[in-house]
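Residues per chain, in single letters:
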Amino acid sequence: DTGVSQDPRHKITKRGQNVTFRCDPISEHNRLYWYRQTLGQGPEFLTYFQNEAQLEKSRLLSDRFSAERPKGSFSTLEIQRTEQGDSAMYLCASSQLTDGYTFGSGTRLTVV
Amino acid sequence: GEDVEQSLFLSVREGDSSVINCTYTDSSSTYLYWYKQEPGAGLQLLTYIFSNMDMKQDQRLTVLLNKKDKHLSLRIADTQTGDSAIYFCADYSGGGADGLTFGKGTHLIIQP
């Protein structure tokens, strides 16, 4: 296992379009997190799964955002009707317990 | 709410020690982490410390925790050009749900 994989690495989309990102965590990790990082800021928590259950959603996650982890393995994050303010790096992380979250390389979204 | 504060920049000479400082407000933090982020990349876990410890050493890295003052530091001995990156402090308060709270990151600049 080579770590947490995210796809695509970069996405450019027009305002109003929908986009979907994928995250493949480390296979034995049952916890999966999505974070958003804007320029000059640290990552901000968006949502968290334990196995297939979505246990927590940040108030940053508007109704246009939805995340799934249908089989407790990979996860998808969808943004509907994208806005320019959605431009950011979207980071996925996984962990087994709290001994360290392993992050993927992120998906950089640019909304034009 | 919870807050994690870091200085934005630190400049050191190659070969010197770097000390990156962090303060946090959440008294229930159980784990504190240091992550490294190079340009365009995801976050790399450097080290973490459990809140009942006051020091942890791992090769060139030394973490000091003053729980009373809610102050965390990362010392990098014999700083090299490859250490140039943004370093993020993050805390975790337990409960499993909220993920990590990150600071804005410290840009470590290495002078030759």
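Here the structure is a predicted model, which means the values were calculated and not measured.

As for the pattern of salt bridges
Residues and elements named next belong to chain A. For the coordinates displayed, the defined rule picks out five salt bridges over all chains. As a salt-bridge pair, Asp86 and Arg64 come within 2.8 Å of each other at their nearest N and O atoms. One end of the pair, Asp86, is in the loop between strand S8 (75-79) and strand S9 (88-95); the other, Arg64, is in the loop between strand S6 (53-57) and strand S7 (65-68), and 22 residues separate them in sequence. Across the pair, Arg64 and Asp86 agree in class, each one buried.

Points about the side chain of Asp91(B)
All names here are of chain B. As for its position among the elements, Asp91 is in strand S9 (residues 85-92). Here Asp91 sits buried without a salt bridge, and the closest side chain of opposite charge, Lys70, lies 9.8 Å off (N-O distance). Polar contacts involving the side chain of Asp91 include one to the side chain of Ser29, which spans 2.5 Å. Look past the residues within four positions of Asp91 in its chain and what remains in contact with it is Glu2, Val4, Tyr24, Asp26, Ser29, Tyr31, Leu32, Gly99, Leu100 and Thr101.

Here's the deal with the state of the cysteines
Each disulfide is one covalent bond, formed between the sulfur atoms of two cysteines. All names here are of chain A. Overall, the coordinates contain two disulfides over all chains when judged by the stated rule. Across the disulfide, Cys23 is cross-linked to Cys92 (sulfur-sulfur distance 1.9 Å). Judged by the torsion about the S-S bond (-70°), the Cys23/Cys92 disulfide is left-handed. With Cys23 in strand S3 (residues 19-24) and Cys92 in strand S9, the pair connects residues that are 69 residues apart, well separated along the chain. Cys92 shares its class with Cys23; the two are buried.

Description of the interface of chain A and chain B
Taken residue by residue, the interface counts 21 residues in chain A and 20 residues in chain B. Remark: the boundary between chain A and chain B carries zero salt bridges. Applying the counting criterion to the chain A and chain B interface returns four residue pairs in polar contact (both at pLDDT 80 or more). The element best represented in the side of chain A that touches chain B is strand S4 (residues 31-37) of chain A, accounting for four residues. In terms of residue class, the side of chain A that touches chain B is built from nine nonpolar, eight polar and four charged.

Things to note about the environment of Thr76(A)
All names here are of chain A. Position of Thr76 among the secondary structure elements: in strand S8. Once the C-alpha coordinates of Thr76 and Arg22 are considered, the two residues, 54 residues apart in sequence, prove to be 4.5 Å apart. For Thr76, the residues in contact, after removing those within four places along its chain, are Thr20, Phe21, Trp34, Ser66, Ala67 and Glu68.

Comments concerning the sheet that holds S8(A)
Residues and elements named next belong to chain A. In space, the four strands of this open sheet follow the order S1-S3-S8-S7, with antiparallel pairing throughout. Edge strands, defined here as strands with exactly one partner in the open sheet, are strand S1 (5-7) and S7. Put simply, the sheet's adjacent strands are angled 15° from each other on average, direction ignored. In this sheet, S8 lies alongside S7 in antiparallel orientation, the contact comprising four bridges. Directly across from Ser66, in S8, lies its bridge partner Glu78.

Thresholds, definitions, all that
Residues numbered from 1 in each chain as written. Chains lettered and ligands numbered in written order. Predicted model: local features only at pLDDT ≥ 70, side-chain atom pairs only at ≥ 80, totals over all residues. Heavy atoms only, no water. Salt bridge = Lys/Arg side-chain N within 4 Å of Asp/Glu carboxyl O. Helix = DSSP H or I, 4+ residues; strand = E, 2+ residues; numbered from the N terminus. Buried < 20%, exposed > 50% of the residue type's maximum accessible area, 1.4 Å probe, protein only. Lys, Arg positive; Asp, Glu negative; His and termini not counted. Polar contact = N/O pair within 3.5 Å; in protein donor to acceptor, adjacent residues only side chain to side chain. Contact = heavy atoms within 4.5 Å. Disulfide = S-S within 2.5 Å. Nonpolar A, V, L, I, M, F, W, Y, C, P; charged D, E, K, R; others polar. Pairing = 2+ DSSP bridges. Axes fitted to C-alpha atoms, helices over the stretch in contact; angles between N-to-C directions.

Read these as layout, nothing more, since geometry by itself doesn't imply function.
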